[in-house]
Amino acid sequence: MALRPVMVNIKALDAPAVGRFWAEALGWSAYSPGVTTYVGPVGGLVWPDPVAVGIDVVPVPEPKTATKNRVHLDLATTSAAHQAELVARLRVLGATPAHVGQGKVPWTVLADPEGNEFCVLEPREIYRDTGPIAAVVVDCADPRAMARFWGEAMDWTLHEVTDDQAVFRSAGGVGPYLEFLRTPDAKTVPDRVHLDLLPCPGDDRTAEVARLRALGATDLDLGQGDVPWTCLTDPEGHEFCVLARPDAES
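Residues numbered from 1 in each chain as written. Predicted model: local features only at pLDDT ≥ 70, side-chain atom pairs only at ≥ 80, totals over all residues. Heavy atoms only, no water.

As for the packing of helix 1 (residues 15–26) against helix 2 (residues 80–93)
Item 1. At a closest axis distance of 10 Å, the pairing of helix 1 and helix 2 adopts a crossing angle of 160°. In this view, helix 1 runs roughly antiparallel relative to helix 2, as classed from their interaxial angle. The two elements helix 1 and helix 2 cross, and the hand of that crossing is right-handed. Together, Phe-21, Glu-24 and Ala-25 of helix 1 and Leu-86, Arg-89, Leu-90 and Leu-93 of helix 2 make up the contact between the two elements.
Item 2. Broken down by class, the residue content of the contact of helix 1 with helix 2 amounts to 5 nonpolar, no polar and 2 charged. (Axes fitted to C-alpha atoms, helices over the stretch in contact; angles between N-to-C directions. Helix = DSSP H or I, 4+ residues; strand = E, 2+ residues; numbered from the N terminus. Parallel < 35°, antiparallel > 145°, perpendicular 65-115°, else oblique. Left-handed = near helix turned anticlockwise from the far one by under 90°. Contact = heavy atoms within 4.5 Å. Nonpolar A, V, L, I, M, F, W, Y, C, P; charged D, E, K, R; others polar.)

Shown next, in the form of structure tokens:
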């Protein structure tokens, strides 16, 4: 029994516009199967994608506050020229420079058209085969505690854990990394960006949710009502959702 990350959920005032931005940014396609805009690899809507972690942009009435998101994307590049070209192209698409106290660093911090921060990394060997998204990065107070919870929650492999970071990747060694980085800032507002998880084939969603509660997850009421997914928070309060499999309801 375990779950795997399948989507990064981004809230937006204009979901189609933000979805188009991310599709252009990643070289993917934007699909609107319902009220949300799903961004995934080109070639037709395949969900869940067998390799990539997609993006689901969800319309909400509230704009982003000035508070820095505690979940963001790192984008991969293959050379210094590629990094410069990607940053320039993203600026044309509507990204803006973002200042989050990064100082002088070899990566570039930008924000999407609604202010969601992300990084365009300098070339790094570890990310050479991840696809356009190098990592989903989560700010946290205690990476070792996050490693214990998420290591039990997911079917991904823990690659590294220190006092400063915990790093996961799929057991198949494909797609992006999931990284928990120690930061001094406490969580004060609901996350604008969060992970959506999916049970593995044959696993029961209700049983998985019960297992997560036993690990330390807490139920979250966002006024979602009767929906086919369950909203929870991890032990540090990061929101996430457990979705229903498209081939089975539980």
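A look at the sheet that holds strand 4 (residues 54–59)
Strand pairs in the sheet, formed through backbone hydrogen bonds, run parallel or antiparallel to each other.
Item 1. On the basis of which strands lie adjacent, the open sheet formed by 8 strands has the order 2-3-4-1-13-16-15-14 and mixed pairing. Only two strands of the sheet have a single neighbouring strand rather than two, namely strand 2 (29–31) and strand 14 (218–219).
Item 2. Two elements, strand 3 (residues 37–40) and strand 4, share 3 bridges in a ladder whose sense is antiparallel. Each bridged residue has a counterpart across the sheet, and for Tyr-38 the counterpart in strand 4 is Asp-56.
Item 3. Lying on the sheet, helix 1 is in contact with strand 1 (3–12), strand 2, strand 3 and strand 4; it crosses strand 4 at an angle near 160°. (Pairing = 2+ DSSP bridges.)

Focus: the nonpolar core
Item 1. Counting 51 residues, the largest nonpolar core has Trp-22, Leu-75, Leu-90, Phe-118 and Trp-150 as its most contacted members.
Item 2. No other element matches helix 1, which puts 7 residues into this core.
Item 3. Those residues in contact with Trp-22 that lie beyond four places of it in its chain are Ile-10, Val-39, Ile-55, Leu-73, Leu-75, Asp-112 and Phe-118.
Item 4. In this structure, Ala-76, Ala-111, Cys-119 and Leu-121 belong to the second largest nonpolar core, which totals 12 residues. (Core = buried A, V, L, I, M, F, W, Y, C linked by side-chain atoms within 4.5 Å. Buried < 20%, exposed > 50% of the residue type's maximum accessible area, 1.4 Å probe, protein only.)

Brief notes about the pattern of salt bridges
Pairing between side chains of opposite charge can happen when the charged atoms of each approach one another.
Item 1. Applying the stated rule across the entire model yields 10 salt bridges.
Item 2. We note a salt bridge from Arg-213 to Asp-219, for which the minimum N-O separation is 2.9 Å. (Salt bridge = Lys/Arg side-chain N within 4 Å of Asp/Glu carboxyl O.)

Let's talk about the pairing of strand 3
Item 1. A two-sided burial pattern is seen for strand 3, the buried positions comprising Thr-37 and Val-39 on one face and Tyr-38 and Gly-40 on the other.
Item 2. Here strand 2 hands over to strand 3 after 5 residues, the two strands then running antiparallel side by side.

Topic: the side chain of Thr-230
Item 1. Looking at the secondary structure, you find Thr-230 in strand 15 (residues 229–233).
Item 2. With relative accessibility at 15%, the residue Thr-230 sits in the buried group.
Item 3. Apart from residues no more than four positions distant in its own chain, Thr-230 is found in contact with Arg-205, Val-209, Asp-219, Phe-240, Cys-241 and Val-242.

Remarks on the sheet that holds strand 9 (residues 133–140)
Item 1. Read from one edge to the other, the open sheet built from 8 strands follows the order 6-7-8-5-9-12-11-10, with strand pairing classed as mixed. Each of the sheet's edge strands pairs with one partner strand only, and the pair in question is strand 6 (96–97) and strand 10 (157–161).
Item 2. As judged from the 4 bridges shared by strand 10 and strand 11 (residues 165–169), these two strands associate in the antiparallel manner. Each residue of the ladder has a partner; that of Val-161, found in strand 11, is Ala-166.

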